[in-house]
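# Coordinate inspection notes
Residue strings, one per chain:
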Amino acid sequence: MAERFTKSMARNIYLGGSTFFILLFLGLTFDTMQAMPERDNRENLTESVANGKLLWEENNCLGCHTLFGEGAYFAPELGNVYQRRSMGNDEAFIGYFKAWMNAMPTNVPGRRQMPQFNLNDQELEDLAAFLKYANGINTNDWPPNVEG
Amino acid sequence: MKFQSQSAAMPYFIFALALFVGQIVFGLIIGLQYVVGDFLFPEIPFNVARMVHTNLLIVWLLFGFMGAAYYLVPEEAETELYSTKLAWVLFWVFAAAGTLTIIGYLAVPYATLADITGNGLLPTMGREFLEMPTITKVGIVVVALGFLFNIGMTMLRGRKTVINIVLMTGLLGLALFFLFSFYNPHNLALDKFFWWWVVHLWVEGVWELIMGAILAFVLIKVTGVDREVIEKWLYIIIAMALITGIIGTGHHFFWIGPPEYWHYLGSIFSALEPIPFFMMTVFAFNMVSRRRREHPNRAATLWALGCAVMAFLGAGVWGFLHTLAPVNYYTHGTQITAAHGHMAFYGAYVMIVITIISYAMPIMRGRPNGNSRQAQTVEMWSFWLMTIAMVFITLFLTAAGILQVWMQRVPESGQALSFMATQDNIALFYWLREISGVIFFIGLLTYIASFFVKGDAVEVAE
Ligand code: HEM
Ligand code: HEM
Ligand SMILES: [Fe+2]
């Protein structure tokens, strides 16, 4: 680097630049928080949904699946599973979902296996509610198609 | 070794490498489960093995960073470590907490682990990379506080070099952002937003400070280049890292709820994130070519140069590949993400930890000029085996990812293949990845073996 460019100039760029961008990031975060109520489907965040989220976490579903494209890439996306399987009908979705969870594992030789989590009816309904709520969050039209 | 207490780094390095071996064993297990779906099922389901793989990675890197700090902070500060005893106590606490957590993952179902560790009181579990029980997280915070105190007191007592200040800033940032792992609201979109404050602001923020400081330290030692020059580079590299990386967090906010303006902010700033990595490469090669001495530890120099190059490839090139919002729309959460995650973590953080181990370990073992020529030859073999294997892992996953996007993402609903059908179609690449993984594992065992190779002591050329 040129002689003219001194260490203290480099240090000032570091201190000034990082301070500026930290503050900008905090400002943008504040702005995003203002925008979120319109986007994050919080009006449908019921007690059942909250419990569903806890079950989602305590069974580490994200260890195989993605949710909005984040998580593991071993099993299908579930952020839009409500859309994929419900045909717009809650009853149909809950019915499908319970049958699915209770049928696990498939034990098809060589096929990727999903564990049996031994959840009761209420718990399965909570999880289904959570997935429906997730499907309602505004994700800027992601994923590109229903397969996730 | 200039100061006796620097040897506190030793147990940290040894334990880190042991965990690294564990990480790769579980990597091979999940890699195989990708193609032999019922392998080890139901004893070790994929999600459990994956969690062991990724959490061991994070934890051994943390051990590596701590070891690096215990070694280089006293040397830079020109004083003994504040408390060697504290360093040892914290080592055992952290090692015990880590081991118990892994045993917990493997011994009982995850839901049971959540139950017995009282996750209901303060739910923080079940989120990627942060799967450890809440009490383990609290343990990590306690260890981190003790560690920062120890390192901070050492720094305050001695010479305050730029390397020490930057390293300390990075470590403080690491601890600070980890606190966001305790924030887990019911609101999924907010949970995800702040989850990235841990993960992104670590690897594309404060960890780059840690990496830069360690790299600068080793380069001063092996090249003998003037400290003023190196410190100037260090400042400008970390300046670019933070200027681009903080707003660059936006490349994770495209599809998880936040407003659309992040598409612009995230794309533009993260597209600049390769700059600091590129500068690190130029920096490393520049310093080595301007070297004022031929350091006999050639292996350490090789790791330092390799680290800079691979970090640029993995983080810079593979990161850029999918960081623009219109591209990320299709690649988000595919095998392309996994390809990038592997090469970036390996190139930047695995290799920087091995660089400092490669430099410091021989000195701590009473070989100030590095290991014997024979041992270094074995070590350099392991460098090439692991690095080339990782290149192939990345290439095969990238190929799998491109096909996945093509079959599953690009066509319209109705035409697109389902996730599971797509996976069947790209199984060949997963087999190839697994074979590369076996080579990686052989490289790792070769690396471990290099510690046990005897040979003639190295004399200094000068
Ligand atoms: C033998 C070599 C390895 C194999 C076979 C392997 C295999 C895997 C597999 C199958 C996954 C899970 C992908 C999924 O979620 O579906 C994974 C995740 C991961 N592995 Fe490895 N791995 C290996 C080595 C490594 C190394 C050396 C590192 C660190 C440098 C590493 C870091 C990671 C990370 C960060 C993830 C999470 C990726 C993400 O979320 O995008 N792995 N690995
Ligand atoms: C050493 C530094 C880096 C490391 C260790 C790293 C690691 C990772 C990992 C593990 C993920 C997957 C996270 C998940 O599980 O969801 C990821 C995602 C991502 N990274 Fe990096 N990264 C680094 C630097 C970069 C840089 C410099 C860029 C941009 C130029 C970048 C762009 C991205 C993008 C766009 C994603 C999201 C992928 C998706 O949409 O699925 N990364 N990174
Ligand atoms: Fe990122």
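What follows is about the overall build of chain A. Scanning chain A from terminus to terminus reveals five helices and two strands. In summary, chain A has a C-alpha radius of gyration of 22 Å against a globular reference of 15 Å for 148 residues, an excess of more than 25%. Looking at chain A residue by residue over its 148 residues, the buried ones come to 50%. Sequence-distant contacts in chain A: of pairs separated by 6 or more residues, those separated by 24 or more amount to 53%.

Each helix and strand in chain B was counted, giving 16 helices and zero strands. Here the C-alpha atoms of chain B give a radius of gyration of 22 Å, agreeing with the 23 Å that 2.2 N^0.38 yields for 462 residues. For chain B, the spread of C-alpha atoms along the three principal axes comes to 70 × 45 × 45 Å. Residues counted as buried form 66% of the 462 residues belonging to chain B.

Another aspect to go through is the environment of Asn145(A). Positionally, Asn145(A) belongs in the segment after α5 (121–135). In sequence terms Asn145(A) and Arg84(A) are 61 residues apart; their C-alpha atoms lie 9.6 Å from each other. The residues touching Asn145(A), leaving out its near neighbours within four places in the chain, are Asn80(A), Gln408(B), Arg409(B), Pro411(B), Glu412(B), Ser413(B) and Ala416(B). Within the structure, Asn145(A) has its side chain in polar contact with the backbone oxygen of Pro411(B) (distance 2.8 Å).

What follows covers empty space enclosed by the protein. Enumeration over the complete set of coordinates arrives at eight cavities of 30 Å³ or more. Breaking the lining of the second largest cavity down by element, the ones donating at least two residues are α2 (47–58) of chain A together with α7 (188–223) of chain B. No other element matches the four residues that α7(B) contributes to the lining of the second largest cavity. For the lining of the second largest cavity, the residue count by class is five nonpolar, one polar and seven charged.

Surveying the vicinity of ligand 2 reveals 27 residues, the closest of which are Asn328(B), His332(B), Gly333(B), Thr337(B) and His340(B). Residues lining ligand 2 come from chains A and B. Between Thr337(B) and ligand 2, the recorded distance is 2.6 Å, taken from a side-chain N or O atom to an oxygen atom. Elements supplying a minimum of two residues to the shell around ligand 2: α7, α10 (274–289), α11 (298–321) and α13 (335–364) of chain B. A per-element tally of the shell around ligand 2 places α13(B) first, with seven residues. Residues belonging to the shell around ligand 2 are distributed by class as follows: 12 nonpolar, 12 polar and three charged.

With that out of the way, let us pick up the pattern of salt bridges. Counted under the stated rule, the structure contains 17 salt bridges over all chains. One salt bridge in this structure joins Asp191(B) and Lys53(A), with 2.9 Å as the shortest N-O distance. Taken together, the positions of Asp191(B) in helix α7 and Lys53(A) in helix α2 put the pair across two chains. Its relative accessible area of 5% is what places Asp191(B) among the buried residues. You can call Lys53(A) buried: its relative accessible area is 3%. A salt bridge links Lys132(A) to Asp90(A); the nearest nitrogen and oxygen atoms lie 3.0 Å apart.

Right, let's talk about the coordination of the iron ion (ligand 3) for a bit. When a metal holds four donors in a tetrahedron, each ideal angle between them is 109.5 degrees; when it holds six in an octahedron, the ideal angles are 90 or 180 degrees. Residue and element names in this part refer to chain B. Taken together, the protein donors to the iron ion (ligand 3) comprise His 200 (ND1), Glu 204 (OE), His 251 (NE2) and His 252 (NE2), at separations of 2.1 to 2.2 Å. Around the iron ion (ligand 3) sit four donor atoms; with metal-centred angles ranging over 82 to 147°, the donor geometry is irregular. When the donor residues of the iron ion (ligand 3) are listed from N- to C-terminus, their spacing reads H-x3-E-x46-H-H. In this structure the iron atom of ligand 2 is found 4.3 Å away from the iron ion (ligand 3). Since its relative accessible area comes to 13%, His 251 is described here as buried.

This part takes up the layout of surface pockets. Left-over empty space is what a probe sized like a water molecule reveals as it rolls over the atoms. Approximately 710 Å³ is the volume attributed to the largest pocket. Around the largest pocket, the lining comprises 34 residues; the ones closest to its centre are His65(A), Ala75(A), Pro76(A), Trp100(A) and Met114(A). The set of elements that each furnish at least two residues to the lining of the largest pocket consists of α3 (81–86), α4 (90–103) and α5 of chain A together with α15 (419–425) of chain B. Among the residues forming the lining of the largest pocket, the class breakdown is 22 nonpolar, seven polar and five charged. Size it by volume and the second largest pocket reaches roughly 430 Å³. Forming the boundary of the second largest pocket are 23 residues, of which Pro115(A), Gln116(A), Phe117(A), Pro109(B) and Tyr110(B) lie nearest the centre. Broken down by class, the residue content of the lining of the second largest pocket amounts to 15 nonpolar, five polar and three charged.

The next subject is a nonpolar patch on the surface. Together, Tyr264(B), Ile268(B), Leu272(B) and Ile275(B) make up a nonpolar patch on the protein surface, roughly 410 Å² of accessible area in all. With respect to the secondary-structure elements, Ile275(B) resides in helix α10.

Residue and element names in this part refer to chain B. Around the iron atom of ligand 1, the donor atoms from the protein are His 53 (NE2) and His 342 (NE2), and they sit 2.0 Å away. With six donor atoms in place around the iron atom of ligand 1 and angles of 84 to 180° between them, the coordination shape is octahedral. Placement of the pair is His 53 in helix α2 (residues 46–77) and His 342 in helix α13, with a sequence separation of 289 residues. Residue His 53 is classed as buried on the basis of its relative accessible area, which comes to 11%. When its relative accessible area of 28% is taken as the criterion, His 342 is described as partly exposed.

What counts and how
- Residues numbered from 1 in each chain as written.
- Chains lettered and ligands numbered in written order.
- Predicted model: local features only at pLDDT ≥ 70, side-chain atom pairs only at ≥ 80, totals over all residues.
- Heavy atoms only, no water.
- Helix = DSSP H or I, 4+ residues; strand = E, 2+ residues; numbered from the N terminus.
- Rg over C-alpha atoms; globule rule 2.2 N^0.38 Å.
- Buried < 20%, exposed > 50% of the residue type's maximum accessible area, 1.4 Å probe, protein only.
- Contact = heavy atoms within 4.5 Å.
- Polar contact = N/O pair within 3.5 Å; in protein donor to acceptor, adjacent residues only side chain to side chain.
- 1 Å grid on protein atoms, 1.4 Å probe; cavity = no way out; pocket = protein on both sides within 12 Å on 5 of 7 lines; lining within 4 Å.
- Points joined across faces, edges and corners; volume = space filled by probe spheres on them.
- Nonpolar A, V, L, I, M, F, W, Y, C, P; charged D, E, K, R; others polar.
- Near = heavy atom within 4 Å.
- Salt bridge = Lys/Arg side-chain N within 4 Å of Asp/Glu carboxyl O.
- Donors = N, O, S within 2.8 Å, 3.2 Å for Na, K, Ca; no water.
- Tetrahedral: all angles 85-135°; square planar, octahedral: opposite > 155°, others 65-115°.
- Patch = residues over 30% accessible without salt bridge, like charges linked within 9 Å, V, L, I, M, F, W, Y side chains within 5 Å.
- Areas by Shrake-Rupley, 256 points an atom, 1.4 Å probe, with all protein chains shown as cover.

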